[in-house]
Every structure is written in C-alpha cells, then in structure tokens.
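So you can see what is in the structure, the chains are spelled out below.
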Amino acid sequence: MVSAKKSLVGYAFIAPWLLGFLAFTVYPFLSSLYFSFTRYDIVTAPVWVGGANYRALLTGDPLFWKSLGVTFQFALVAVPLAIVFGVTLALLLNLNLRGMGLYRTIFFLPSILPTVATSVVFLWLFNPAIGLVNRLLHAVGVTGPEWLQSPVWALPSLVILSLWAVGGSMVIYLAGLKDIPTHLYEAATIDGANAWQRLRHVTLPMLSPVIFFNLVMGLIGVFQYFTEPYIMTQGGPEDSTHFYALYIFERAWRYLDMGYASAMAWVLFLLIVTLTGLLFWTQKRWVHYEG
Amino acid sequence: MISELTRPKRQAVPTVKKSRSLLGRLSPGQGVAAHLLLLLLCLPALLPLAWMVSTSLKPESQIFAKTGTSTLATLLPHPAQWSNYPTALRAIPIALYLDNTLLLCAFTVVGSVLSSALVAYGFGRLEFRGKTPLFLLMLATIALPAQVTMVPIFALFRWLHWYGTYLPLIVPSFCGAPFYIFLLTQFFRKLPDELAEAARMDGASEWRIFWQIMLPLSKPALATCALFQFLGTWNDFLGPLLYINDPKRYTLAYGLQQLLSTHGSEWASLMADSTVFILPIVVLFFFTQKTFVNGIATTGSKN
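Basis of the calculations
Positions within a chain are numbered from 1, following the residues in the order the chain's sequence is written. As a convention, the first chain written is A and the first ligand written is 1, with the rest following in written order. Reporting of local features is limited, given that this is a predicted model, to residues whose pLDDT is at least 70; pairs of side-chain atoms are given and counted only at 80 or more, and all residues count toward the totals for whole chains, interfaces and linings. Based on all heavy atoms of the structure, the side-chain values leave hydrogens and waters out of the count. Each helix is a run of H or I in the DSSP string that is no shorter than four residues. Each strand is a run of E no shorter than two, and both are numbered from the N terminus. Only protein chains enter the area calculation, which uses a 1.4 Å probe; residues under 20% of their type maximum are buried, those over 50% are exposed, and those in between are partly exposed. Whether two residues are in contact is decided by their heavy atoms, any of which lying within 4.5 Å being enough. Only the protein chains shown count as cover for residues, and the accessible areas themselves come from Shrake-Rupley with a 1.4 Å probe. In summary, the charge assignment counts Lys and Arg as positive and Asp and Glu as negative, without counting His or the chain termini. Charge placement uses NZ in Lys and CZ in Arg. For Asp and Glu, CG and CD serve respectively. Think of a polar contact as two N or O atoms within 3.5 Å of one another; within protein, one of them needs to be a possible hydrogen donor and the other a possible acceptor, and neighboring residues in sequence only count if both atoms come from side chains. Stacked, tilted and edge-to-face are the three classes applied to pairs of Phe, Tyr and Trp rings, where Trp contributes its six-membered ring and a pair requires centres within 6.5 Å; stacked means planes under 30 degrees apart, edge-to-face means over 60, and tilted covers the rest. Remark: a charge is flagged as sitting over a ring if the NZ atom of Lys or the CZ atom of Arg is within 6 Å of the ring centre and within 35 degrees of the ring normal. Throughout, buried area stands for the accessible area (probe radius 1.4 Å) lost by two parts on being put together, summed over both. Salt bridges are identified by distance alone: a Lys or Arg side-chain nitrogen within 4 Å of an Asp or Glu carboxyl oxygen. Patch membership requires over 30% relative accessible area and the absence of a salt bridge. Like charges are linked within 9 Å, and nonpolar side chains (Val, Leu, Ile, Met, Phe, Trp, Tyr) within 5 Å. Domain start and end points were adopted from an automatic or database domain assignment. Working definition of a nonpolar core: buried Ala, Val, Leu, Ile, Met, Phe, Trp, Tyr and Cys residues. They are joined through side-chain atoms within 4.5 Å. For helices, the fitted axis covers only the stretch in contact; all axes are lines through C-alpha atoms, and the angles between them, taken along N-to-C directions, range from 0 to 180 degrees. Each helix crossing is assigned a hand: it is left-handed if the near helix lies turned anticlockwise from the far helix by less than a right angle, otherwise right-handed if that turn is clockwise. Residues are grouped as follows: nonpolar covers Ala, Val, Leu, Ile, Met, Phe, Trp, Tyr, Cys and Pro; charged covers Asp, Glu, Lys and Arg; every other residue, Gly included, is treated as polar. One fewer than the residue count of a helix, multiplied by 1.5 Å, yields its expected span. What is called the bend at a residue is the angle between a pair of axes, fitted to the seven residues leading up to and ending at it and to the seven starting from it.

Moving on, we come to the overall build of chain A. Counting secondary structure elements, chain A contains 13 helices and two strands. Seen along its three principal axes, the alpha-carbon backbone of chain A occupies a region of about 75 × 70 × 35 Å. In chain A, buried positions account for 56% of the 291 residues. In chain A, 65% of the contacts between residues at least 6 apart in sequence involve partners at least 24 apart. Summed over its atoms, the accessible surface of chain A is roughly 12,600 Å², and 67% of this surface lies on carbon and sulfur atoms. The average position of the 15 basic charges and that of the 12 acidic charges among the side chains of chain A differ by 8 Å.

See the structure below:
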C-alpha cells in the first residue's frame, strides 16, 4: 500500500490531466447523454423529451441511415486499402537498399500536411473540366469522370485522398518491421521457407499487433471523418459523401439541434464500442503478441 | 565487447543461404527493379504538390485552358506569373492569420508539453493509489471520438463567455494530451533511477527532481511532443470553425477555407495561399524528420 503522503504527491503531478479529464471528458460525456434525451438549442435551457430523439433518428430520418451507410462504405474500402498500401510501402522501404531515407520522406510528407490545404488542392486536382487528373486521363485517351461532382465517384475520390496520406501508418508499420528479430527469418530460411512463406508466416504474424492497432484507430478515424467532406463536397452530391460526423456537425451547429446531435453522438459512441469490441474479440484468431 | 570476442564463431550453414530479413540480400537486378517501383510511387505522392505550386504561378488563361489543348509543356507555368503571390496574399490578410496561428501554436505547445510532462512524471516515476486504472482510463480517452463530447464542451465554453475568444482552443491544452502523456510516460520509465535517487537522498522534492533532473534529460521526447502539437494546432480546422467568429481572429486553416467558400474558382490565389500555408510545414519537416518519425513509430509499438 502506498502511503497517503506519497499518493498526494502523485496526484499533485497528474492533477492537470485529472482536472481536464473531469471537466472536458467525464462531465461532457455524461451531460451529452442527458442532452440526448432533451430538445436543446444551446440558447434556452434543455427540455426533457424522453427517447424522442432516438425514435426520430431510428425511424424517421433517412439522412441518419444514409450518413451511416456512407461512413460504413468508406470504412470498408478505405481502412483495408490503407492497411494494404501502408504495409506494402513499409515492406518496400524495409528493403536493404540505398536512398530509403529519401523515399520515406517523400511518402510520409503528405500525411502531415494541413488537411484544409490538401483538401483544397485535391478539389482542384479533381476538377472535372480543367483539373490535373482529368487532363492526364485525357492525354492517354480516357474521358475522366466528374469525380467530386459525381454521386458515384465522390466517395472514391475521398478514398484516393485518404490513401495519398497513408504515410503516417506506413511509418508505424516500418517501425514494426524493424522490430522483427532477424533470427526468425534465419530459422525460416533454414527450414526451407521461400520469400512468400516468410512473408506469410513470419512478417505478417509479427506485424499483426501493429496492423490491429491501425485497424482500430483507422475505424475510429472514419467515424470522425469531417474536414475533407466539409471542405470538398459539403456532403454532396446527392448526399453521397454525407459522413456521419458531418451530419452531427450540421445538426448541432447549422440547425442548433443539439439534443438530436447528442443522440447521434451517443449512437456513434455505442457503435464504436461495439465495433472495437468485435475487433478485439477477433484478435485472438489473428493477432500474435508473443515474440 | 569481450563476450563478442570470445564467443565461438558462428558455424556457416553451407547449403542454405540464410536470409536475415524478408528477402535477404537483393540481386542487382532486383535492386534496380525496386528503385524503379519506388520512383514510380513517388510520382503520385509529389504530383499534387507540384501541381499546386505550378498552378500558383500560372496566368488565368493557362489555368482555364481547355483539357484537350494540354501537353506536357502546359503542366508548367509559362511564363511564371510571380505577381500571383502578392495578389493571393492580398486576397486574405494572410500575415494576420499567420500571427494568429503562431500565437495559438505558442500557447498550445507550451501548455500541452509542460502539462503532459508533469502528468507523465506522475504516471511514470511516482507511486500512488489507483495509478494503473487511471493510466488505462487516460489511454482509453485517446479512442473517444471528439463528437461525443463536443456539444457539452461547446455549451460549457459558451456559458463561460469564452465563445469567440482563443480560450477554448488554448485552455484544454494545459490539461495535458493523452497521447503525449503516454509517449512521455514511456520515456520517463526508461530513464535510470540513480540520479533521482541521489537527489532524493539529498532531500530534493519531487518537483525539483522533475524540473531540474528529469526535464533536461527528456529534451528529445519533449521535442517530439512539441512538434506534434505545433502541427496539430497549425492544421486544426474544427476548433476555429466552432469557436472563432471574428474574421480578425481567423487562423490560416480557417482563413483558407473561407477563401475557398467565397472565391472558389480563383485557383491561382487558392494554390498560392495553400503553398504559403503548406511550405512552413514542409521546411519544418525536412529539419525535424527524425523527431517526427521516431515519435510516430512509438505509437504502434508494444500496445
């Protein structure tokens, strides 16, 4: 048992976080649950409406389901692709060659640039009439799609932008690859494993904790995906990029429907807890922590 | 050293070529192929930025030239119209936005690094009741989406009459950031005990040990956190969007978005301002790459 005086010193050191945690996490977390059962426009006091917000959300709001669908669609495509691209790039950068530092710099750079700026730049790149992408496609004889202005292509355009910034997770994978003990590869070679088998039975299992980490954080990130659609599409065309986080924002700050937005936020929270829980449950089948 | 010298030499396995990595040593041909592939991948990574700079220097006629008329040469500005930059810098008061952004960066960097270090010292080097559950709780908040707490925090700041000021963007950073606390806790745990123990023997308080011994030893880790926070504040859009209403207080990120929403087809100006907004980050990145990469790499390791 730690003495009371010692504990007091410890608490003094963590006090900034503890106070912030109470004021900016615990209190808002609980009061958003309360707000979710009220009608609240932030100017006047909240009025208790029971489960009306949740009922309206689940039964009378097509945009709620649409935004959920958009978010899931994006998650199902962008998150796995980010893993494939991130791991592949990291594998390439982990080769024993000169100049890897420079490549790493180039692939990593896009991930740290301001989202507002990269969104504006990609808006311009994807301009259907005069943007670079369609200019290049035209040069090879292809008529490019309308990209962000097409209900079909807007979401894939955002996936492309998200993959452009895949460098952040690439660096995490690269660090994971460097942590794999070389004796495992030596042992595998002695057992006659070829490169593919070494990838399949040494590299990927040893990398699985990092992949799992990026999977969970990527999924949570998609549910918070806001700035890009806000700047590039405002949810359009035809709500094809109306992401969940964007819809919460609109409900809260455009329509001052804070109670409804809080109900949406809680649905989001429960969804994330469930999905993360499911991922953790699958973890023992494919994530290897030994070694 | 000695053990290395006296250790019996490893027996070479004559028949199997041992590979110490996934592919082992590449043949020259494979090396060239890998370089070609990597160079090819650099193209999509860099082209958007090159197009941004190129557009920022183009005259209107060239920006709006029909797609069919473009050749490789038209990808470059011809001639480079440098006057786009003064025009773009007049389109939004970018010097003012830069001041505002740097002010926010300064406060949030100092606030979050100092408070995170303090908290991390508590978690990493001190013993107190409930430490482990509190630490886990702190880690769990990293995964809590901002959307869940956004409305009540907004209501709280509005009630405090902080709406429209920088306080909602600055004050929370003084409560430490879970991610930095985590990074610094890991760092503090690895520091040797001897110095702190000696100081404790001499009657130094925990505060003095933290301030005079531990902090100076942790400069690299503190630099990583400072860098992340600088970047986070520089890039932040949602914060200013929620709390800033006076155009005189806009940050670069918010100002650029405003320019887009009011002058959405003035691509030369938009690209010039984007370049001005991005360039400091690129320069910063080239000088501090190691700090960046090491910091991010810690994220995924060992839970």
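Right, picking up where we left off after that structure.
Okay, the side chain of S112 of chain B next. All names here are of chain B. Tracing the sequence through the fold places S112 in helix α5 (residues 94-125). Looking at S112, its side chain comes within polar contact range of the main-chain oxygen of T108, at 2.8 Å. Once residues within four sequence positions are removed from consideration, S112 is found in contact with S173, G176, Y180 and Q229.

Applying the stated criterion across every chain, the model contains 54 aromatic pairs over all chains. Plain terms: the ring middles of F157 of chain B and Y243 of chain B are 5.6 Å apart, the flat faces sit at 75 degrees to each other, and that makes the pair edge-to-face. With F157 of chain B in helix α7 (residues 146-159) and Y243 of chain B in helix α13 (residues 238-243), the pair connects residues that are 86 residues apart, well separated along the chain. Using a relative accessible area of 6% as the deciding quantity, one classes Y243 of chain B as buried. The residue whose ring lies beneath R251 of chain A is Y260 of chain A, and the NZ or CZ to ring-centre distance is 4.2 Å. Its guanidinium or amino end placed over the ring of Y166 of chain B, R249 of chain B lies 5.9 Å from that ring's centre, counting from NZ or CZ.

Take L76 of chain A: it is sitting in helix α3 (residues 62-93). With 167 residues separating them along the chain, L76 of chain A and F243 of chain A place their C-alpha atoms 14 Å apart.

Contact with chain A, which involves 102 residues of that partner, is made by 105 residues of chain B. Carbon and sulfur atoms make up 78% of the surface buried where chain A meets chain B, a total of about 9,200 Å² over both sides. The largest per-residue losses of area from chain A upon contact with chain B belong to F13, W17 and W124 of chain A, which jointly make up 9% of the total buried on that side. On the surface where chain A and chain B come into contact, there are zero salt bridges. Put simply, chain A and chain B have 14 residue pairs in polar contact (both at pLDDT 80 or more) between them.

Inspection of every chain in the model, using the stated rule, returns six salt bridges over all chains. Of the charged contacts in the structure, one is a salt bridge between E250 of chain A and R254 of chain A, with a shortest N-O distance of 3.5 Å. Of this pair, E250 of chain A and R254 of chain A both sit in helix α12 (residues 244-254), separated by four residues, roughly a single helical turn. According to the relative accessible area criterion, E250 of chain A is buried, its value standing at 4%. On the accessibility criterion, R254 of chain A (43% relative accessible area) is partly exposed. Of the charged contacts, one joins R200 of chain B and E206 of chain B as a salt bridge, the two residues approaching to 2.7 Å between their closest N and O atoms. Exposure remark for E206 of chain B: the relative accessible area of 17% places this residue in the buried category. Shared partners join several salt bridges into a network, and the residues in it are E197, R200 and E206 of chain B.

Okay, helix α6 (residues 132-139) of chain A next. Among the residues of α6 of chain A, those classed as buried are L132, N134 and R135 of chain A. Along its buried surface, α6 of chain A packs onto α5 (115-125) of chain A together with α2 (28-56) and α3 (60-63) of chain B. Of the residues flanking the end of α6 of chain A, it is G141 of chain A, one or two places downstream, whose phi is positive at about 85 degrees.

Quick look at a nonpolar patch on the surface now. Residue and element names in this part refer to chain B. Judged by side-chain polarity, V110, L114, W207 and W211 come together as a nonpolar surface patch covering roughly 400 Å² of accessible area. For the nonpolar patch, the elements supplying multiple residues, two or more each, are α5 and α11 (206-217). The residue W211 is located in helix α11 in this model.

For the rest of this paragraph, the subject is the domain arrangement of chain A. Split into domains, chain A comes out as domain 1 (1-25) and domain 2 (60-286). For domain 1 of chain A versus domain 2 of chain A, the distance between C-alpha centres works out to 37 Å.

Ranked by size, the top nonpolar core spans 190 residues in total, and within it F74, F107, F108 and W253 of chain A together with F123 of chain B carry the most contacts. There are two domains that each give this core at least three residues, and those are domain 1 (1-25) and domain 2 (60-286) of chain A. Apart from residues no more than four positions distant in its own chain, F74 of chain A is found in contact with V79, L155, L158, V159, S162, V222, Y225 and F243 of chain A.

Here we come to the packing of α3 of chain A against helix α7 (residues 154-164) of chain A. Residue and element names in this part refer to chain A. One can describe the packing of α3 onto α7 by two numbers: an axis separation of 10 Å at closest approach and a directional angle of 35 degrees. Helix-helix and strand crossings are classified by hand; for α3 and α7 the assignment is right-handed. Here V70, Q73, F74, V77, A78, L81, A82 and F85 of α3 come into contact with α7, specifically with L155, L158, V159, S162 and L163. Grouping the constituent residues of the contact of α3 with α7 by class yields eleven nonpolar, two polar and no charged.

Our next topic: α2 of chain B. All names here are of chain B. With 29 residues, α2 should cover 42 Å at 1.5 Å per step; its first-to-last C-alpha distance of 41 Å lies within 8% of that length. Taking the largest bend as the criterion, α2 deviates by roughly 40 degrees, centred on L46, and proline P48 comes between one and four positions later. All buried positions along α2 are accounted for by G31, A34, L38, C42, A45, P48, L49, W51, M52, S54, T55 and S56.

Secondary-structure assignment places G218 of chain A in helix α10 (residues 195-223). Overall, G218 of chain A belongs to the partly exposed group, its relative accessible area being 23%.

What follows covers the packing of helix α4 (residues 100-112) of chain A against α2 of chain B. Orientation of α4 of chain A relative to α2 of chain B, taken along the N-to-C sense of each, is 35 degrees, at an axis distance of 9 Å. α4 of chain A and α2 of chain B meet at a crossing whose hand is left-handed. Counting all contacts with α4 of chain A, which are made through M100, Y103, I106, F107, L109 and P110 of chain A, the residues of α2 of chain B involved are H35, L38, L39, L41, C42, A45, L46 and L49 of chain B. Residue classes in the contact of α4 of chain A with α2 of chain B are distributed as 13 nonpolar, one polar and no charged.

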